[in-house]
Amino acid sequence: MKLILQNVIVELGYNELGNAKFSDIVRAGAEKLEELIDNDIVTLSDEGNTTYVIIDDLYQLPSRQPTYQDYPKVIKDNKLFSDLGERTKVEPIVKPTYLFEQSKQPKSVELVLNKLGAIPFRIMSYALDFERTNKTGCYDENFLIESEAMRQSVSENINRVLYLGWQYDKRGRIYSDGKLLNFQSDEWNKASFQPIVKAEKVSDEGIRQLKLYLTAQYGLDKLTYDKRLEYINNNLLDGIKPKKPILAKVAEDMLNSLDYSGANPTLDMTVGIDATASGYQIFAILANCEDTAKLTNLTDSSQCYDIYGEACKRILELTGSEKSVRDIRDIVKKALMTRGYNSDKQVEVAKKELKRLKIDISLNELKDILDLSPKVKKCKEAINNLLLDTFSNLPDNEQIIRWRMPDGFIVELANIQKKMFKYKGKHFSTWIKYDALGWNKELNWRALSPSLIHSIDAYICREVIRRCNFQIVTIHDCFYCHPNNVLEMRKQYIKLLKEIQSMNMLEYICKQINPSFKWKINEKLFEISDDENSYCLC
């Protein structure tokens, strides 16, 4: 396996020191790499202008060794304690940065990570019958080596029960630290590393949720619940190729494991439900845009709307193309997701991909469709203008914006520019690009809107975990729990959306950044459906 030299140095340095000055991180990482070279664990190879670190076993790198363990990690005083046998590793609960001293987070924020950290995971054999898929579709030697290491780890540890550590990023989003196997990863990982929750007898509603979860793995999650259940009750899945075959196998086994005679009626595994475009759900609420709310399943529970499919329909109608929504949905979805966050790169890629399919649309026409509505566009521009103006006027020694979420989590957004640091050692010399505090409009403006939106969806995630009295595992806006608890979990999600709407969350956050900011909604607020079978989380 070959890794870029500069990346390995920084990775090893972080592993050694955690939060420290960047120069110290580089020196510590470079010295560790020199030691690995001396011990013949790695070698260096120059290819053109790039130097690579060559290693046969990736997990011989100290920074890549699996961090899960046989008992829960402990969080105290904003620190995550991991007993690794020979030493105790201590990490901050918010991923460290060398840019500034991080604020102390409240106890309520620690509580969420402790709840997650107490959930065990079982290594399971489902994925061993399948090849791990590289989404790029390109040959990647590193991917193949990593996949083989995962396969070996699963084979050697089937049915072993382990615990993960969990951390926040600067926006409050939650990440697990599995390194080798990680539930917050691709389908192969999810199937291999399953959360274990309190075993319960599966109720009739739980069986219904298991069936719905199975249909989602077949790609039927855009249909109504009744239509999806028809596929199972009428044995119609047999003629369909599953979209996620490994997770379909997991779901099928969960259903088949239930002995309805009562001999073995309990289940300790989870099903997942996913928000339908959570970023646009939040934009709809902040902008009070009922059209976008409808397309993200916030208002009408009579059917399951697909915001990405709707954008596809508008493109096909405008261009007169005979292609189907299915033909272009993946292309349009990537562009629509990033268009909400100031990025035009995927929009340009989408235009080229559509042209390849003989769908001719101008860049401006595509942008107009992807902006969804004037209200959402205005809301996004208000966020961008506020943060841009605030950042551009900060003193050079105060290049950080902070705001506190309703649960007390302190979001810290640094204004960065790129600088270079030179290291000269025994086996190599190199320049390393790094982040430093300072204003760079081109570099920063794309991060502003997504950071604010992500801080809100992260708050929702934390509160769903905190408020529910049962175990939940999360992958950002996707929630996993025992099938008996799905309706209650969705109920809490909807309740939080309503709270965000009623408190004018945009003004709540932005007034902390600039007290003169105003965001008034003059018309009546649209009504968020509180139907427990809503498709806002399905």
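Structure's up top.
Enquirer: I keep staring at the overall build of the chain and nothing clicks. Help me out?
Expert: Summing up its helical and strand segments, the chain has 18 helices and 20 strands in all. At 24 Å, the chain has a C-alpha radius of gyration in line with the 24 Å of a compact globule built from 538 residues. Principal axes of the C-alpha set define a box for the chain whose edges measure 65 × 60 × 50 Å. A fraction of 69% describes how many contacts in the chain between residues 6 or more apart in sequence connect residues 24 or more apart. If you sum the accessible surface of the chain, you get close to 25400 Å²; carbon and sulfur atoms cover 46% of it. Of the charged side chains in the chain, 76 are positive and 77 negative; the average position of the first set lies 4 Å away from that of the second.

Enquirer: Explanation requested: the pairing of strand S3 (residues 50–54) in the structure shown.
Expert: For a regular strand, the rule is simple: side chains alternate between the two faces of the sheet. Pairing of strand S1 (residues 2–4) with S3 involves three bridges; the strand directions are antiparallel. The residue bridging Ile4 from the neighbouring strand is Tyr52, located in S3. Note: strand S2 (residues 43–47) against S3, five bridges, orientation antiparallel. Note on S3: the bridge partner recorded for Thr43 is Ile54.

Enquirer: Which parts of the structure should I look at to understand the sheet that holds strand S7 (residues 120–123)?
Expert: Note on sheets: strands pair through backbone hydrogen bonds, and any given pair is parallel or antiparallel. Strand order in the open sheet made by the three strands is S8-S7-S11, with antiparallel pairing throughout. Where the open sheet ends on each side, the last strands, each with one partner, are strand S8 (161–163) and strand S11 (193–195). Taking each pair of neighbouring strands and ignoring which way they run, the sheet shows an average axis angle of 40°. In this sheet, S11 lies alongside S7 in antiparallel orientation, the contact comprising three bridges. By the bridge assignment, Phe121 is partnered in S11 with Pro195.

Enquirer: So what exactly am I meant to see when it comes to the sheet that holds S1 here?
Expert: The antiparallel open sheet is built from three strands, whose spatial order is S1-S3-S2. The open sheet has two free edges, formed respectively by S1 and S2, since each of these has just one partner strand. Strand after strand, the sheet turns through a mean of 35° between neighbouring axes, direction not considered. Sheet contacts for helix H1 (residues 5–17): S1, S2 and S3; angle to S1, the most-contacted strand, approximately 80°.

Enquirer: For this particular structure, what's the right way to read the pattern of salt bridges?
Expert: Where charged atoms from two side chains of opposite charge approach closely, those side chains can pair. As enumerated under the stated definition, the model contains 28 salt bridges in all. A salt bridge links Glu353 to Arg356, with the shortest nitrogen-to-oxygen separation between them at 3.1 Å. Separated by three residues within a single helix, Glu353 and Arg356 lie in helix H13 (residues 345–356), roughly one turn from each other. A single salt-bridge network, built from bridges that share partners, covers Arg339, Asp344, Lys367 and Asp371.

Enquirer: Looking at this structure, how should I read the packing of aromatic side chains?
Expert: For any pair of aromatic rings, the description rests on two quantities: the centre-to-centre distance and the angle between the ring planes. Throughout the structure, instances matching the rule amount to eight aromatic pairs. Ring plane angle 55° and centroid distance 5.8 Å describe the contact between Phe121 and Phe183, whose orientation is recorded as tilted. Of this pair, Phe121 sits in strand S7 while Phe183 sits in the loop between strand S10 (174–176) and helix H5 (187–192); the two residues are 62 residues apart in sequence, bridging distant segments of the chain. Geometrically, the ring pair formed by Tyr168 and Phe409 is edge-to-face, given 5.2 Å between the ring centres and 65° between the ring planes. Residue Tyr168 is located in strand S9 (residues 166–168), and its partner Phe409 is located in the loop between strand S15 (400–404) and strand S16 (410–414); the two are separated by 241 residues in the primary sequence. According to the relative accessible area criterion, Tyr168 is buried, its value standing at 0%. Linked through ring pairs, Phe121, Phe183, Phe193 and Tyr480 together constitute an aromatic cluster.

Enquirer: Even after reading the chapter, I still don't get the side chain of Gln194, so can you show me in this structure?
Expert: For Gln194, the position within the fold is in strand S11. For Gln194, a relative accessible area of 4% gives the class buried. Looking at Gln194, its side chain comes within polar contact range of the main-chain oxygen of Lys190, at 2.7 Å.

Enquirer: For this particular structure, what's the right way to read a positive patch on the surface?
Expert: A surface patch of like charges, here positive, comprises Lys135, Lys243, Lys244, Arg326 and Lys334. Note that Lys334 resides in helix H12 (residues 325–339).

Enquirer: How do you make sense of the pairing of strand S17 (residues 416–424) when you look at a structure like this?
Expert: As judged from the nine bridges shared by S17 and strand S18 (residues 429–437), these two strands associate in the antiparallel manner. Considered in S18, the bridge of Lys419 is made with Tyr434.

Enquirer: For this particular structure, what's the right way to read unusual backbone geometry?
Expert: Even without a glycine there, the phi angle at Asn235 is positive, about 55°. Relative to the assigned elements, Asn235 resides in the loop between helix H7 (225–233) and helix H8 (245–257). Overall, the relative accessible area of 58% leaves Asn235 in the exposed class.

Enquirer: What am I meant to see in the nonpolar core here?
Expert: The tendency in soluble globular proteins is for nonpolar side chains to be buried side by side. In this structure, Leu33, Ile456 and Ile460 are the most contacted members of the largest nonpolar core, which totals 165 residues. The leading source of residues in this core is helix H16 (residues 441–467), at eight residues. Excluding anything up to four places from it in sequence, Leu33 contacts Leu5, Val8, Ile9, Leu12, Val42, Val53 and Phe428. Counting residues in hydrophobic clusters, the runner-up holds six residues, among them Tyr225, Leu229, Cys304 and Tyr535.

Enquirer: Sorry if this is basic, but what is going on with the packing of H1 against helix H2 (residues 22–38) here?
Expert: With their axes 7 Å apart at the nearest point, H1 and H2 run at an angle of 105° to one another. Compared by their axis directions, H1 and H2 come out roughly perpendicular. For the pair formed by H1 and H2, the contact residues are Leu5, Val8, Ile9, Val10, Leu12, Gly13, Tyr14, Glu16 and Leu17 on the first element and Phe22, Asp24, Ile25, Val26, Ala28, Gly29, Ala30, Lys32, Leu33 and Leu36 on the second. Among the residues forming the contact of H1 with H2, the class breakdown is 14 nonpolar, two polar and three charged.

Enquirer: Please explain the packing of H12 against H13 as it appears in this structure.
Expert: Angle between the axes and distance between the axes: these two values describe a pair of packed helices. Put simply, H12 and H13 touch, their axes get as near as 8 Å, and they point 160° apart. The angle between H12 and H13 places the two elements in the roughly antiparallel class. Both H12 and H13 take part in a crossing whose hand is left-handed. Residues Ile328, Ile331, Lys334, Ala335, Thr338 and Arg339 of H12 lie in contact with H13, whose contacting residues are Gln346, Val347, Ala350, Glu353 and Leu354. Of the residues belonging to the contact of H12 with H13, the class tally is six nonpolar, two polar and three charged.

Basis of the calculations
- Residues numbered from 1 in each chain as written.
- Predicted model: local features only at pLDDT ≥ 70, side-chain atom pairs only at ≥ 80, totals over all residues.
- Heavy atoms only, no water.
- Helix = DSSP H or I, 4+ residues; strand = E, 2+ residues; numbered from the N terminus.
- Rg over C-alpha atoms; globule rule 2.2 N^0.38 Å.
- Contact = heavy atoms within 4.5 Å.
- Areas by Shrake-Rupley, 256 points an atom, 1.4 Å probe, with all protein chains shown as cover.
- Lys, Arg positive; Asp, Glu negative; His and termini not counted.
- Charge placed at Lys NZ, Arg CZ, Asp CG, Glu CD.
- Pairing = 2+ DSSP bridges.
- Axes fitted to C-alpha atoms, helices over the stretch in contact; angles between N-to-C directions.
- Salt bridge = Lys/Arg side-chain N within 4 Å of Asp/Glu carboxyl O.
- Phe/Tyr/Trp six-rings, centres within 6.5 Å; stacked < 30°, edge-to-face > 60°.
- Buried < 20%, exposed > 50% of the residue type's maximum accessible area, 1.4 Å probe, protein only.
- Polar contact = N/O pair within 3.5 Å; in protein donor to acceptor, adjacent residues only side chain to side chain.
- Patch = residues over 30% accessible without salt bridge, like charges linked within 9 Å, V, L, I, M, F, W, Y side chains within 5 Å.
- Core = buried A, V, L, I, M, F, W, Y, C linked by side-chain atoms within 4.5 Å.
- Parallel < 35°, antiparallel > 145°, perpendicular 65-115°, else oblique.
- Nonpolar A, V, L, I, M, F, W, Y, C, P; charged D, E, K, R; others polar.
- Left-handed = near helix turned anticlockwise from the far one by under 90°.

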